[in-house]
Amino acid sequence: MKPRSIGQLALLYLSLFTLMLLAMGVYFWHEIGQTHLQLQEQAARTARVEVAEAMEALGKQTRALGENLAAWDETKQQLVFPEYYALWRDNRVRDSGLLPPGVTAVALYDKAGNLLIDSAGGVTPMPRHLPSPPPATLLKNEAKRSYLYDFLPVYADPGHSVLLGYLGLKTPLREALAHIRAYRYANLDSLEMTLPAQATVDISHAMEVLLVNARPSPEQKELQRLLQHSVARLSLAVLLGLLLAAWWLNRLMVRPLRRLSAEIDALDDPDGDLHAQRLDLQPLRVQELENVRRSFNDYQNRLAELHRNLEQNSRDFFDQARRDALTGAFNRRAFEEDWRGLGQSGRHEELALILFDCDHFKAINDTYGHNVGDAVIATIAQRLQHALRTDDRLYRIGGDEFATLISKTDTLHAQTVAERCLEQVMSHDFHAYGLTEPVTISIGVALILSETSGSERITLSELQKRADLAMYAAKRPGGQKIVFYSPQTEDMKSLVANSAINAVFQAIQNPELIEMAYQAVVRLPLLRHEYSEALARIRFNDTLVQAEAIFPIVQARNLDAEFDLAVIRAIRRDCDTGRLPEGKGVSINISGPGIVNARVIDALLTLLATEPNRKIVVEITETALITQMDTASQNIQRLRAAGALAALDDFGSGYSSLRYLASMPVDLVKFDISMVQLLETGLPRQQLIVQEIAYMVITAGYELVAEGIESASLLDKIVRLGFSHAQGYYFGQPGETPEHVCEGPLSALTAVSHAQPGDIAPGTPLS
Amino acid sequence: MLVTFFSLLSCGLAAQAVEVSRVLPNGLVAQAEFRRGAADKPVVVLLHGFLQTHHFPTIHNLTENLADEGYSVLAPTLSLNTPNRSKSMACEALHSHTVKSGVTELGVWVKWLKAQGYRQIVLSGHSLGNVINVAYLLNRPDPAIRKFIGISIMEARLKMPENERQALLQQLQSKVATGDRRMVETPFSFCQKFRSTPESVLSYMAWGPQHILDGIANIRVPTTMIMGSRDDRLGPEWAARLQATHARVIIVEGANHFMDGQYEFDLFEHMRTELKGL
């Protein structure tokens, strides 16, 4: 059964009580009416009894008085000497005082029953002949009136032995009855006699023909009116009392209970304001309710306190959920929420998205440990936050990635902010954490300018892509550390293209997708194809993803070791399939993280073991900062011990290559193409520096490899500088097999074969 | 004759009161109380006054006393033209009786006494009843009548001035003469309005004082008149006028017309004295 509210129950109770009261009132009203009717019936019966008694008394009285009158000497005298009968009848009888009350006519009859003196033909009030033998008391209707006739014998002597005649008396019944007694119930005015004209009935049967109503009883009527009015007034009073009780009950119980119930219900309302719905603090007048109210108030207070604590905790959790615990910066969730907020609000004009990425953070983390890595990240966050305006939020959106949204900005302001951030980070001394290398960050910036600036209108999504592209551009070795998005940075689009990323991941899972391109590395000055550098490409969905797109993704996703393993497996496949002919040397690019990865080292050692007759060069890229120098050195030593040659790749593109060079147990040093090309396009001083470095490296006992040889003159220069190996398009495009790659270009090398290694002394300008 | 015994007090101690009745010549029945006394004593007929009955106290007491003394007493109630009359008649009743009818009834009773064997009859009466006695005695009375003792004898007269009385008398006589029998009301005797036939009232009015005195004077039996000294209805000279007749007049000092109270014994003593003489 569905529970009802206290108001409904109270209303129901009061309604039932009111209905019961009204029913009782109606019942009493009806009973009073019934009682009145019963009293009327009783009064009618009593009235008949009164009339019956009166009739009996009237009969007796009439008979007694009639007998007196019959015994009166003058009555007897008239029966003997009726000469003065009329005088006697009309005067003497009436003056005698013997006439029964109410008698209107008296007559004497002779012994034969005839009227003593009959006014022949005239109207006589008395019958001319006795209607029945006397003594008789009869009732008769005449001219719509009822009369009582009494006929008595008149005797001459007391012993009634000598009959003289008869005496007749006529009395209007109503008047006679009125004389006989007082009536409390009978209404003589209503007296009727149901007797046909000329018919008579003996007084003993009078009640059979008499109809009489009860006298309207003013007292009874007044009593009924008083009782009914009393019932009505009592009902009204009780009704008013009930209304008052209802009001009182409502005030004392229902309303507090409703409020209490509403308060309790409000607790279920997730949007309810707990504090705004507090129960009235004024004490209630019902002890039990007051106890409940107090208890509930206490409960509310405790609940409110708990609620406040929960709200605080919720705020804290909310804040914590949106704060990065390490740096105190907002986290990715906060970034995404704010980002969505910007999208929903449409307030994304004059907005700059600046992405920050710590360069080589994984290497730092792996080399110096997570504590140092955390300290570096925290410091970067602190410095970035310091560089930003107070209201500008700094988000940590990845391990070493930060972002900020600068509103109401323009290119110049964004540039200023980005430079200030870079300066703040670069100026910090990270050596306190044990780092020997400088900590750098790359900054990618994209802007949405105002429409009035004439720039194109772009979406937030596009803004983020642009910032990513700018960031990737900034991450490129040797580039600017702050890159604003420009159409040129669209080249980096592949880095964020889902297909390229997907290709990288698929290649790691399935090395069959990797198509190796082999670029010949020739021995100088003989130009002998000594081995080929394996350059990884990915064939994915009929598209060939080039190395330029692959490695930024690998580095950005920290997939270096995994991709290294895939490349090793691809090379081994080529070895197995013969694409890499037996005996042909191969140079494999191993990333910084890969050289310190045991699985990579194991894979290389396995390859070395399975290809004992093949020259295998392990190129360690310099762009991937090697922080675990000792591990890297040990691993390199193990590889060299297993028969591999070690080469330091991209020498000259980094910033501490000399340190690595001094520490790394490598056999070959590969000058970065940027350095090699300086020999032809650089300033004299630059050319001199390159010459001196080459000289230094060679002097240190390393063999030197030049990348990017695209012309004979450049080849000639490096030969003269003493480079032992060279590679580049001058010798042919990279091919699927080493033979294919090296056929064409090598035929043209004779033109420069005259150059002798070491012809150029240190400090001699190249021309 | 109808005889009704209505009371038996005690046999042998006093004369039994016997209600006797007689059918009168006019057919009516008259009643009387009869006390039978000693056979050697005369019977006394006690006749009541105007419109009264034998139950009138003066008659009743005297009847009792005489009966106790051993005298037979007959106290008739004149019918006054009323059958079995037992109550006094009202003045306003319809009176048609006359002195003559009274005399007739008295004669009936005397005859009845003689039939009862009484040979010594003493007529007595009170007030106007004595007029009936006188009228009877003047009209060939029965020889058994031995004495007449009249008590407080008086006339029945109109209460009006003499001139009016004479005029009324003439009117009444005229009515009688013309046979007019319509009732008249006259201030007769003790009645303010005596309703009667002219003949009736005239019969009584005829017995004025002098007519009574003349009648007494003509009575042939010993006559005694007992009068109360304070009975002044006929004036102080009435006793003297009575004494002027041959009647013996006894004055009861202090007694009024009804000789009631202590004077009833004086009356009885005088009656006994008068009866002893027979």
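Reference entry: report on the structure contained in this document.

Analysis parameters
Residues numbered from 1 in each chain as written. Chains lettered and ligands numbered in written order. Predicted model: local features only at pLDDT ≥ 70, side-chain atom pairs only at ≥ 80, totals over all residues. Heavy atoms only, no water. Helix = DSSP H or I, 4+ residues; strand = E, 2+ residues; numbered from the N terminus. Buried < 20%, exposed > 50% of the residue type's maximum accessible area, 1.4 Å probe, protein only. Areas by Shrake-Rupley, 256 points an atom, 1.4 Å probe, with all protein chains shown as cover. Pairing = 2+ DSSP bridges. Axes fitted to C-alpha atoms, helices over the stretch in contact; angles between N-to-C directions. Contact = heavy atoms within 4.5 Å. Buried area = accessible area lost by both parts, 1.4 Å probe. Salt bridge = Lys/Arg side-chain N within 4 Å of Asp/Glu carboxyl O. Parallel < 35°, antiparallel > 145°, perpendicular 65-115°, else oblique. Nonpolar A, V, L, I, M, F, W, Y, C, P; charged D, E, K, R; others polar.

1. Regarding the overall build of chain A
Then step 1. Assigned secondary structure in chain A consists of 24 helices and 21 strands.
Then step 2. Buried residues in chain A amount to 46% of all 767 residues.
Then step 3. Summed over its atoms, the accessible surface of chain A is roughly 37800 Å², and 54% of this surface lies on carbon and sulfur atoms.

2. A word on the sheet that holds strand 4 (residues 163-172) of chain A
Adjacent strands of a sheet pair through backbone hydrogen bonds, lying either parallel or antiparallel.
Residue and element names in this part refer to chain A.
Then step 1. Strand order in this open sheet of 5 strands is 1-4-3-2-6, and the pairing throughout is antiparallel. Two strands close off the open sheet at either side, each with one partner strand: strand 1 (105-109) and strand 6 (200-202). On average, adjacent strands in this sheet sit at an angle of 25° to one another, irrespective of strand direction.
Then step 2. As judged from the 5 bridges shared by strand 1 and strand 4, these two strands associate in the antiparallel manner.

3. As for the interface of chain B and chain A
Then step 1. In this assembly, 21 residues from chain B lie in contact with 17 residues from chain A.
Then step 2. Here chain B meets chain A over a buried area of about 1500 Å², counting both sides, of which 59% is carbon and sulfur.
Then step 3. Taken as a group, Pro83(B), Asn84(B) and Leu94(B) account for 34% of the area that chain B buries against chain A, more than any other trio of residues on that side.
Then step 4. One can count 1 salt bridge joining chain B with chain A.

4. Observations concerning the environment of Leu113(B)
Residues and elements named next belong to chain B.
Then step 1. Secondary-structure assignment places Leu-113 in helix 2 (residues 99-115).
Then step 2. For Leu-113, a relative accessible area of 0% corresponds to the buried category.
Then step 3. Each C-alpha atom, one on Leu-113 and one on Leu-74, is 8.4 Å from the other, the two residues being 39 residues apart in sequence.
Then step 4. Those residues within four positions of Leu-113 in sequence are excluded, and the remaining contacts are Phe-34, Val-43, Val-45, Leu-74, Tyr-118 and Ile-121.

5. Some points on the pairing of strand 8 (residues 351-358) of chain A
Residues and elements named next belong to chain A.
Then step 1. Among the 8 residues in strand 8, 8 count as buried, and that is most of the element.
Then step 2. Burial along strand 8 is two-sided: the residues Leu-351, Leu-353, Leu-355 and Asp-357 and Ala-352, Ile-354, Phe-356 and Cys-358 are all buried.
Then step 3. Here strand 8 pairs with strand 11 (residues 441-448) via 8 bridges, running antiparallel. Pairing of Cys-358 across the sheet is with Ile-441, part of strand 11.
Then step 4. With 6 bridges joining them, strand 8 and strand 10 (residues 401-406) adopt antiparallel strand pairing. Bridge assignment links Ala-352 to a residue of strand 10, and that residue is Ile-406.

6. Some points on the sheet that holds strand 8 of chain A
All names here are of chain A.
Then step 1. The strand order across the open sheet formed by 5 strands is 9-10-8-11-12, and the pairing between neighbours is mixed. Looking at the sheet topology across the chains shown, the edges are occupied by strand 9 (394-396) and strand 12 (482-484). Here the strands of the sheet are splayed against their neighbours by 20° on average, with no regard to which way each runs.
Then step 2. Running over the sheet, helix 12 (residues 460-475) touches strand 8, strand 11 and strand 12 and is turned about 150° from strand 11.

7. Digging into the packing of helix 2 of chain B against helix 3 (residues 129-138) of chain B
Residue and element names in this part refer to chain B.
Then step 1. Between helix 2 and helix 3, whose axes approach to 9 Å, the crossing angle comes to 75°. Judged by the inter-axis angle, helix 2 sits roughly perpendicular to helix 3. Two secondary-structure elements touch here, helix 2 through Val-99, Gly-102, Val-103, Leu-106, Gly-107 and Val-110 and helix 3 through Val-131, Ile-132, Asn-133, Ala-135 and Tyr-136.
Then step 2. Class assignment of the residues belonging to the contact of helix 2 with helix 3 gives a composition of 8 nonpolar, 3 polar and no charged.

8. Thoughts on the pattern of salt bridges
Residues and elements named next belong to chain A.
Then step 1. Under the defined criterion, the tally for this structure stands at 47 salt bridges over all chains.
Then step 2. Across the salt bridge formed by Asp-392 and Arg-389, the nearest N and O atoms sit 2.7 Å from each other.
Then step 3. A relative accessible area of 6% places Asp-392 in the buried class.
Then step 4. With a shortest N-O distance of 2.9 Å, Glu-533 and Lys-670 are connected by a salt bridge. Of the two residues, Glu-533 is situated in strand 14 (residues 528-540) and Lys-670 in strand 19 (residues 668-671); the sequence distance between them amounts to 137 residues. Across the pair, Lys-670 and Glu-533 agree in class, each one buried.
Then step 5. Overlapping salt bridges bring together Arg-523, Arg-528, Glu-530, Lys-615 and Glu-703 as one network.

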